[in-house]
Structure formats: structure tokens, C-alpha cells
Amino acid sequence: LFRFQTEDESAFRNKYEIYVFVDEIAGIANEVTKDILGKMVREGRPARIGFCYASQNVNKVPDDVKLNTNYIFAFRQKKEQANIISKDFDLLNYKEKELIKLKKFECIGIGNFVAYDKDGNKELIIDEPVRGKIFPSVSMHQAPKLTGEI
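These numbers were taken from a predicted model, which means no experiment stands behind them.

What follows concerns helix α6 (residues 79–88). Of all the residues in α6, the buried ones are Gln81, Ala82, Ile84, Ile85 and Ser86. For α6, the secondary structure elements touched by its buried residues are α5 (63–67), β3 (72–74), α7 (93–101) and β4 (106–110). Where α6 ends, the next residue or the one after it, aspartate 90, has phi of about 50°, a positive value.

Given below as C-alpha cells:
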């Protein structure tokens, strides 16, 4: 990836961006892949390589990856996990407690990012964790119930 992004004339000229998505990073993080993942998150940005990962256990995310994490969407956490996330992102104590009390489909977004309100108005969020809800997965959607009205 690095060689392609930095040495390939077409990739360089067209400024191709590559995004790597890893689901359950803890499952692939071993002694061999930790170095590769670490290099990717440390050195990938100038080469236009983005990195996005998911994990159910923040303890098992490699340190290099955690140190280079700019955004997090955290769902309900156990106390130990909430404490780690709070320390990593300098959250106030009440936000740590909020992580423990989140309901199903609720999350807290942490980082500098752009968000939109329900009317589509753009709001810039800076260094303030934001509580929100996600849509349930497609497999959880159901057809509308018939009410007898046409």
C-alpha cells in the first residue's frame, strides 16, 4: 500500500485515497500484525491511507493504534472499559459514567468532527463528546405494521 501510494505515478498524480477497515481488530492483532498495523496508523496519513477499526474490547487494541485514534464512537461500556476510554480521550468523570449508562443504539462520539442536526443544519463539534443514536442494522428492520387503514 505504501509503495503504491507513494511511488505509483497514477496514484500520486490522482491523489488516490485508500481506506482500510478492520472489524474486530483484537482478533488479528498478534506479534506480526501489530507492527504492520502500527506503521499503517503512524505513517499512512501522508500517503493518503486512512484507517478505521472496530473492537469490543479497548484493552486488546494495539497501543500504536490507540495512540493514533482521533475519533471514537463508544457504546455502552463496563466500568473498566469506560475508564480506559475516558483516560485515553481526557473525558470528564461524568462522561465516563455516561458511557456505562448508555441505552441500546446510543453512543458517544468523541473527537473533532462535523455533525448535522435533525433538520440537516451543519454544526461543528469541537472537543465536546456528543451523545447520539445509531440506526439499527438492516437485519433488525421490520416492515410497517398494517393498521387496516388504506
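So, next bit.
With that settled, the discussion passes to empty space enclosed by the protein. Tallied over the full model, the rule gives one cavity of 30 Å³ or more. Counted as a void, the largest cavity has a volume near 50 Å³. Contributing to the lining of the largest cavity are Tyr53, Val58, Lys66, Thr69, Ile72, Ile85, Asp88 and Phe89. Considered class by class, the residues forming the lining of the largest cavity number five nonpolar, one polar and two charged.

Each value, and the rule that gives it
Residues numbered from 1 in each chain as written. Predicted model: local features only at pLDDT ≥ 70, side-chain atom pairs only at ≥ 80, totals over all residues. Heavy atoms only, no water. Buried < 20%, exposed > 50% of the residue type's maximum accessible area, 1.4 Å probe, protein only. Helix = DSSP H or I, 4+ residues; strand = E, 2+ residues; numbered from the N terminus. Contact = heavy atoms within 4.5 Å. 1 Å grid on protein atoms, 1.4 Å probe; cavity = no way out; pocket = protein on both sides within 12 Å on 5 of 7 lines; lining within 4 Å. Points joined across faces, edges and corners; volume = space filled by probe spheres on them. Nonpolar A, V, L, I, M, F, W, Y, C, P; charged D, E, K, R; others polar.

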